[in-house]
Every structure is written in structure tokens, then in C-alpha cells.
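Below, each chain spelled out in residue letters.
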Amino acid sequence: MKYIKSIILAMAMAVGLGSCDFLDKEPTNTTSGNYFNDEAETESFLRGVYAILTQPSFYGNEYYYLVGGDDLEAYGGAGRAPSKSGLICNNAITSDPSVYSFWYTLYSGINRANIFLEEIGNVSKMNETNRQTYTAEARFLRAFYYFNLVQCWGDVPFRTHSTQSVVGLDQERTPKAEIYDFICKEMEESSANLVKASDISYRPGRVTRETAWGILARVYMFRAGEHYRDKTSPDEAKIKEYFKQASLFASKVKDEGGFGLAPNYWDFFIDQCANRYNSTANESMWEAEFTGNYATDTRTEGRVGNIIGIQAPDLSSKTELTGKADPGFGYCFFWSTPKLYELYVANGDTKRMNWSIAPFTYTESAKGKGVDGRLFEKGKLAEVKGQYYDQSFSYGDTDSRAKKGDREKTNETKEYDLACGKWRREYEADKKSKNFTSINFPILRYADVLLMIAECENEVNNGPTAKAYECINAVRKRAGIELLEDGMTKDEFRQAVKDERAMELCFEMTRRFDLIRWGELVKNMNELAPRAQNGTNWKFGPSNVYTYYQISDAYNYFPIPANEIAVNALIHKNNPGW
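Quick caveat, the model's predicted, so the values are computed rather than measured.

**Things to note about the overall build of the protein**
Move 1: Counting its regular elements, the protein contains 19 helices and seven strands.
Move 2: Taking 25 Å as the expected radius of gyration for a compact globule of 578 residues, we find that the protein reaches 23 Å, a close match to that expectation.
Move 3: Its C-alpha atoms put the protein at 70 × 60 × 45 Å along the principal axes.
Move 4: Evaluated residue by residue, the protein yields a buried proportion of 60% over its 578 residues.
Move 5: Of the contacts made within the protein by residues no fewer than 6 positions apart, 74% connect residues no fewer than 24 positions apart.
Move 6: As displayed, the protein has an accessible area near 21,700 Å², and 49% of this comes from carbon and sulfur atoms.

Below you can see the structure in the form of C-alpha cells.
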């Protein structure tokens, strides 16, 4: 059963989910001690701190529209107009509701954590080991929410105590360097009292010691690239130290043992879609957890597999259709770019390609009667038969002239923008609702940690070490592609890591931040605009997709929400370009 099962409504109201300003969490004074009084209530409140992760404004929905636009993936689809919210189409404004909702949600999580940390010491009937563990979890989550704020906005208001009054809510922005220091300290110190992954059987809904180390490595790596978006001279000594620290903590995950890569790339994602954890290997380290099918009063579902995932028809109203006749509706807002497609082809990477980029579409021979076939891109059916075919719905071999069954197109693929295929609703056990799923989203997995180690080793040692080759080649071996050989230069290996992260982690919402920390967001995006405009291997490019790539340096940051500037007298200006 998933660790985060529901939002405790009374607690949620206590911390002000309905408020308008992030500091205005409490419309009146609060009374200390009213939140939780025993261990059971303490754990329930802690679940509420976790529950921020699954809010619709975070991993539950809108996060994908905020950070999903990059050089590997585009918002699109036949005749689809640009998204009206988020940064995915790079048309955001300072009053964008998704931007503000994310800002508010993160501060709501921080305030919940602050209340929790202030009150947990007052609970008398509590196991002391649990008190230490719960405290560590709240400290880590608070630091994680601050990291999201810094990644997106840079300097932000910073507070480590809860809001207890409506008086004195205005607060200026704190330099991000100070917040980074706090984040790193909190994550490192809290890790000592977090449970080990092995103690909870590698069930990744709960923060563990290894989770904290892996996320802390991510923090240090992003911090190492801050000079790019600020256009300041790099402090080489500091940058090397940040990479050293990142390598240290990522390596602690590896050295701890117990984690590994699933035998097949798709095993990890099938587990997520089927509501399982690490059934073939302990690769999943932390997930945003969702459950249910929108059929009960408890709202803990998400949109993974529906807005981001394989395309399929809406058969949710056809109660008689189950199993492969209704593989689950998908809007499919997320499509590959030709750059991602060609990167897979250049590396001979058919395994990850055929899972990450959907090689087929579900079809109905009679509309509304149920899915009864799959139409594959030419040559892909044979490849998939050697991969995950036996683990997926199949509809019987037919030829290209048939209207049902598994068959292939007769012509070679000319369009390289194909649907994201990572999260497939066919693995959900229950009758599918139209828009909501129980599919979790990966926040951290072991493959990412291995690639972090490889990158850091290269940066710290001015070239790849044996450990760097070991880590990147473990990921490449699982993918079934050629291993890297000794003798690469620092620059060559750095590019190899960038490409590997692209092929391994595409659609997992890490790419935009990778490009920012590498100083490549604007350059990489702008380079794709002419190709999207002329439509070379880009079916949906000529209409409007090219405008998503015509961005400026402003997009290295999110805009400070206009609502916040309007009510906070100590924030006088927005981020550059907004």
C-alpha cells in the first residue's frame, strides 16, 4: 500500500490551503499545540507535509506544463493550440496561474513543515526514535521545497518559522546563496536520522537516507552551474568543490549497496504503471505517489499517463470495455523532438527509444467499440517483439491493409515527433477514469545517481576516471548500446554524459534544469526553432511549435508571480526579462 494515502483535510485547512498569499497562511492567530497531540496524529500531519508533492499544482498535474518544455520534448499534437498556462510553450506571463500556484504550493509545504517542526517537541506520548525520524523527514522536505523555489526563481523570501499572525507578512527576497547553504546543511544533517531504504524494503514513497543523499547531489550540481544563468565569472574553486560534494553524496548511495538497475529499461516504468515497487531490482528511490481511479471520495489520483503518456481513445464511459479493449485515455500533450529521435538512432538505442517514444498508436476498427489493434511505425513491430511485446497488450498479427490487429505502416517514418510512451495506462489494474490515474511519478531513480557520479568524476578530475566509466557504462549496458572506452577527453566525456542523460531521463522533468545548469537552455532551444518552422521531420512544427523555441535569457528563471508582488511590499522588481 502506498505510503501517502490521503490528505488530512482538517490539517490542510489549518495550514491554509485556501489562502491567496504564500505568507498569509493563517487568517487569524494560531494556538500552539492544536495541531497534533500523540504519535498517530503526528504521523498524519507529516503525511500532510508529503501531500504537497501530489497537489495538482505540483506532480499531480501542472508541474509538467511548467518545466516540460525543452529540446527533447515539445507540447503538441495535431492542430493543438499552445498551452495557456505554464512555461512549456514559453509564452508565460507574470500573472500565469500555474506559476503562481506552484509558488504558493511550495510555500504551503514549507509552512506545514515549519509548523510540524515547532510542534513535534511538544508531543509527550511518542517513541523517541520515531520523533527523530519524523523530524528528519520534515526537515528534508522543507529543504526540498526550498530547492524547487531556488531552481525556478532564484532569490526568494526565506522563512524557517511558521506564520502565526496576519501582521508583518511582507518579506524581501533572500539571496539564493544563503538558501543553498541552508538546503545543503538541512539535507546532510537530516540524512543521519532518516530510515535506510532497506529498512522499508525499498518502497520509495517515503524519504530515506539514500534519497536525501541523491537529492543533495542534485542540489550541488545545480548550484555549480548558477554562474551561467547569472552571467557572472565562474569561481572555479567553488564549482569544483560543489562537484566534489555532489560526487561524495551520490557515491554514498552507490556504496551503501542494495540499489541496482532493473534488467530491462521498461521494467521500472511498468512497475510504476502497475502500482508496484522495484519488482525486478531496487532502482526506484523516490516517487510522488498517487492512488485510486477517481471513483471514491478520497482524491489522491494524478495525471501521469493521461497528459504525459501514450495516446489512446476515450472509452471511459463504456463500462463494458475492460482490459486491452480500453487501455486508458491519453491526451498526449508531450511529444518527442527530432533531436531526441535522432539521438537514439545515432546510438543504436532501440530499447530505450521504443519505450520512451511510442512506436505505435492504439486503433479501433469501429469507433467506440473498443481498441482492437496497434498501428506500428515501419520496422518497429519486429523490434518490439524482441523487447517488451510479451509484457504488453497485443492484438494479433495482421498486415498493413487490415483495420485491426498489430500491423505496420507501409512507409518509413518521416516525422520524428512521436508521442511520449513512458507511462502506459494499459498496466493500470482497474477500469480507467478518463483523466485521473494511480500512476506514480519518479522524483529520483538509481540510473540518475549513476550518471551524476559519472559527470562529477569527470568534472572534479579534469577527465573521466575508472569510476566515471563504470557508472555511465552500467546505464549503457542496460540499454544494450556500445560501452564507452577509456581515452576520452574531459569535453568528450561531458558530452557523452549529456547525451546519456537525454536518452535515459527524457520526459522525467530533469532536462530543462540540466540545460540551465549547463548554460545551454537558450542556445539549445533557439537552435530548434528554424527546424520546427520549416517542418523537417517535424509534423507539428510548422503550425506553432517553432514559437516554443524562440526564447530569451528570461526563461532561465520563472517570473515572480504578479499576485505576490502586488501584496508583498518588500518585493520591488521581478526576475530579469519579466
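**Topic: the side chain of Arg 445**
Move 1: In this fold, Arg 445 is placed in strand 7 (residues 441–445).
Move 2: The class of Arg 445 is buried, set by a relative accessible area of 1%.
Move 3: Here the side chain of Arg 445 touches Glu 508 through a polar contact of 2.7 Å, side chain to side chain.

**Overview of the environment of Glu 482**
Move 1: Note on placement: Glu 482 falls in the loop between helix 15 (466–479) and helix 16 (490–505).
Move 2: For the pair formed by Glu 482 and Asp 349, sequence separation is 133 residues and the distance between their alpha carbons is 9.2 Å.

**Focus: the pattern of salt bridges**
Move 1: Going through the model one piece at a time under the given rule, you end up with 45 salt bridges.
Move 2: Close ionic contact of Glu 283 with Arg 478 constitutes a salt bridge, the shortest N to O distance being 3.0 Å. Of this pair, Glu 283 sits in the loop between helix 10 (265–273) and strand 2 (284–288) while Arg 478 sits in helix 15; the two residues are 195 residues apart in sequence, bridging distant segments of the chain.
Move 3: The residue Asp 349 makes a salt bridge to Arg 352 at a minimum N-O spacing of 2.6 Å.
Move 4: Residue class for Arg 352 comes out buried when judged on its relative accessible area of 0%.
Move 5: If you follow the salt bridges from partner to partner, you end up with Glu 283, Asp 349, Arg 352, Lys 422, Arg 445, Arg 476, Arg 478, Glu 500, Glu 504 and Glu 508 in one network.

**Points about unusual backbone geometry**
Move 1: Of note, Asn 278 is a non-glycine position whose phi angle comes to about 45 degrees, a positive value.
Move 2: Assignment of secondary structure puts Asn 278 in the loop between helix 10 and strand 2.
Move 3: Its identity as a non-glycine residue notwithstanding, Phe 507 has a phi of 70 degrees, on the positive side.
Move 4: When its relative accessible area of 2% is taken as the criterion, Phe 507 is described as buried.

So, how was this worked out
Residues numbered from 1 in each chain as written. Predicted model: local features only at pLDDT ≥ 70, side-chain atom pairs only at ≥ 80, totals over all residues. Heavy atoms only, no water. Helix = DSSP H or I, 4+ residues; strand = E, 2+ residues; numbered from the N terminus. Rg over C-alpha atoms; globule rule 2.2 N^0.38 Å. Buried < 20%, exposed > 50% of the residue type's maximum accessible area, 1.4 Å probe, protein only. Contact = heavy atoms within 4.5 Å. Areas by Shrake-Rupley, 256 points an atom, 1.4 Å probe, with all protein chains shown as cover. Polar contact = N/O pair within 3.5 Å; in protein donor to acceptor, adjacent residues only side chain to side chain. Salt bridge = Lys/Arg side-chain N within 4 Å of Asp/Glu carboxyl O.

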